[in-house]
Amino acid sequence: MEKDRQGTTTYRKAQHGCGHRHGMEQIQFANAEDKQEFQKYPTKAGRRSLSRSISQSSTDSYSSAASYSDSSDDETSPRDKAQANSKGSSDFCVKNVKQAEFGRREIEIAEQDMSALISLRKRAQAEKPLAGAKIVGCTHITAQTAVLIETLVALGAQCRWTACNIYSTQNEVAAALAETGVPVFAWKGESEDDFWWCIDRCVNKEGWQANMILDDGGDLTHWVYKKYPSVFKKAQGIVEESVTGVHRLYQLSKAGKLCVPAMNVNDSVTKQKFDNLYCCRESILDGLKRTTDVMFGGKQVVVCGYGEVGKGCCSALKAMGAIVCITEIDPICALQGCMDGFRVVKLNEVIRQMDIVITCTGNKNVVTRDQLDRIKNGCIVCNMGHSNTEIDVASLRSPELTWERVRSQVDHVIWPDGKRVILLAEGRLLNLSCSTVPTFVLSITATTQALALIELFNAPEGRYKQDVYLLPKKMDEYVASLHMPNFDAHLTELSDEQAKYMGLNKNGPFKPNYYRY
């Protein structure tokens, strides 16, 4: 009989859910001690409170989304603090150099999933292919980027580094780099003035002149070109990894003002397909969940732009049950969207119905003030492109609108009628500002960047003229091959007869430059 009651109880709990009152009423206790033990756990209301507390603490945890910081010095600008590392050097500006030990642990964790970059470091370390290279870099400063920077140093380069985004810096990682002697000028939450100050401090060092530039977005290149033209003219090469920065380089080239060779890493196959597509497919969900706790099922979502980033975002959101449509200017990308099952629309025609608006075009004013005025209450607006120009955020800083910071990187912009729009990261890059990106994917991009720097720095005179180049196909394939062991993947080798029949070298490259992967 007792067994039957217990069986009935179990069934009823499964029917109602263990957190519901009816389910709890059916629970039988063998004795008073058991009941007392059960009552130690939170009530229904308490569980909600605990859940909210846990959720909040997760956004403030030691994750790269909310970089660790000592609350005692949060109000003091790093520019106003005198700091030195354990060797006595003060040629850096970070939030708190004392966080270096924690940052080192973050870097060591990242190294575990960046085996290809570590493999490149070990293979080339003895040769020092970057000996004599003085690299000034402007990228996201994360644990993964730190592995790249330390690889460049191990290969013989001198590096000075700053951040390409005011929200994506992991303070503890910047501290770890500064502790090892890499001059780093960056911290999470910089102002616009801080951003340009850091870039200038990075470039302008007495007795040191950069001869290589590694950029993400083109801001560093633009600054050197405008303020330090002599440095720009003497550089041996520029490596750029974003669509925005590449666009700027092509503009300089077209105007005849690009006086150094530049490598377009953004359009390399390994960057486009893996960083842009697969990385964004995972990180878009992470960024939205961490900031808004949104449920995707049934939500109306518009993704502006169906390039590789847009494809990744749409794929992930569709898989979660969201109803996704896209906007496009390119008929080829638009047709791809149609074939993938997405409706191609004009933003003006659907803006009132959307629950989430995501931009990923690399353009400016993709979402205008007029469209934001017509957007519905509670709509989430965010950007997955590199630049903060896609959403017209500047127009929202007007007297009639109220800004309310509800949590880190989340603002409610409130209209006079009470309508609230949820703006993430002030229109800057969502995934690196609000969450993390997969380390393995960044290993692919970082390895590509390192090889591009080695190629430009060691290229014989005349190989590269003052123009923008794609990464050689052979290097793209080499980057991919370095990552095969991670999957225990074994490539098939061509026989001599097969290679001759296809007109290929047995060791590659296996595809012509015009091949579309």
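Computed from a predicted model, the values in this text were never measured in an experiment.

*Asks:* Account for helix H8 (residues 171–180), naming residues and giving values.
*Replies:* With eight of ten residues buried, H8 lies mostly within the body of the structure. Along H8, the positions that sit buried rather than exposed are Asn171, Glu172, Val173, Ala174, Ala175, Ala176, Leu177 and Ala178. At the C-terminal side of H8, glycine 181 shows a positive phi close to 105°.

*Asks:* Let's hear about the packing of aromatic side chains: which residues, and what values?
*Replies:* Applying the stated criterion across every chain, the model contains nine aromatic pairs. When the centroid spacing of 5.3 Å and the interplanar angle of 90° are considered together, the rings of phenylalanine 440 and phenylalanine 487 count as edge-to-face. In this pair, phenylalanine 440 sits in helix H19 (residues 439–458) while phenylalanine 487 sits in the loop between helix H20 (473–482) and helix H21 (496–502), placing the two residues 47 residues apart along the sequence. By relative accessible area, phenylalanine 440 is classed as buried at 17%. The rings of Phe195, Trp196 and Trp223 are connected pair by pair, giving a single aromatic cluster. A cation over an aromatic ring shows up here: arginine 397 above the ring of tryptophan 403, its NZ or CZ 4.2 Å from the ring centre. Seen from the ring of tryptophan 415, lysine 419 lies directly overhead, with NZ or CZ sitting 4.2 Å from the centre.

*Asks:* Outline the environment of glutamine 144, supporting the account with residue identities and numerical values.
*Replies:* Residue placement: glutamine 144 occurs in helix H7 (residues 143–154). With a relative accessible area of 12%, glutamine 144 lands in the buried category. A sequence separation of 296 residues divides glutamine 144 from phenylalanine 440, and the C-alpha atoms of the two residues are 9.0 Å apart. Other than its neighbours up to four places away in sequence, glutamine 144 contacts Ala110, Met114, Gln170, Val437, Thr439 and Leu442.

*Asks:* Tell me about the sheet that holds strand E5 (residues 237–240), and name the residues and values.
*Replies:* Taken together, the seven strands give an open sheet; going across it, the order is E3-E2-E1-E4-E5-E6-E15, and neighbouring strands pair in parallel fashion. Edge positions in the sheet fall to strand E3 (184–185) and strand E15 (468–470), since each has one partner strand and no second. In the sheet, strand E1 (residues 134–139) pairs with strand E2 (residues 158–163) via six bridges, with the strands oriented parallel. The residue of E2 that forms the bridge with threonine 139 is alanine 163. In the packing of H7 onto the sheet, contacts are made with E1, E2 and strand E4 (212–215), and the angle to E2 comes to roughly 160°. Sitting on the sheet, H19 touches E1, E4, E5 and strand E6 (262–264), and the angle it makes with E4 is about 155°.

*Asks:* Give a detailed account of the pairing of strand E12 (residues 402–407), specifying residues and quantitative values.
*Replies:* Of the pairings in the sheet, the one linking E12 to strand E13 (residues 410–414) comprises five bridges and is antiparallel in character. Within E13, the residue paired with threonine 402 across the bridge is isoleucine 414. Connecting the antiparallel pair E12 and E13 is a turn made up of two residues, with glutamine 409 showing a positive phi of about 70°.

*Asks:* Can you explain the UniProt feature "binding site: NAD(+)" (unreviewed entry) in the protein? Please cite residues and give values.
*Replies:* Feature annotation in UniProt assigns "binding site: NAD(+)" (unreviewed entry) to the following positions: Gly307, Glu308, Val309, Gly310, Lys311, Gly312, Glu328 and Asn431. With respect to the helices and strands, glycine 307 occurs in the loop between strand E7 (300–304) and helix H14 (308–319). Overall, glycine 307 belongs to the partly exposed group, its relative accessible area being 27%. Following the sequence through the fold, asparagine 431 ends up in helix H18 (residues 430–434). If near-sequence neighbours (up to four positions away) are discounted, asparagine 431 is found in contact with Cys280, Ser283, Met384, Thr436 and Val437.

*Asks:* Tell me what's going on with the confidence of the model for the protein, and back it up with residues and numbers.
*Replies:* Averaged over the protein, the pLDDT score is 87; the fraction of residues at 70 or greater is 86%. Taken together, the stretch residues 1–27 has pLDDT below 50 and engages in 17 contacts with residues farther than four places along the chain or on a different chain. pLDDT under 50 marks residues 40–73. Its contacts with residues more than four places away, or in other chains, come to 46 contacts.

Thresholds applied
Residues numbered from 1 in each chain as written. Predicted model: local features only at pLDDT ≥ 70, side-chain atom pairs only at ≥ 80, totals over all residues. Heavy atoms only, no water. Buried < 20%, exposed > 50% of the residue type's maximum accessible area, 1.4 Å probe, protein only. Helix = DSSP H or I, 4+ residues; strand = E, 2+ residues; numbered from the N terminus. Phe/Tyr/Trp six-rings, centres within 6.5 Å; stacked < 30°, edge-to-face > 60°. Lys NZ or Arg CZ within 6 Å of the ring centre and 35° of its normal. Contact = heavy atoms within 4.5 Å. Pairing = 2+ DSSP bridges. Axes fitted to C-alpha atoms, helices over the stretch in contact; angles between N-to-C directions. UniProt positions renumbered as here; feature names shortened; annotations may be inferred. pLDDT = per-residue confidence, 0-100.

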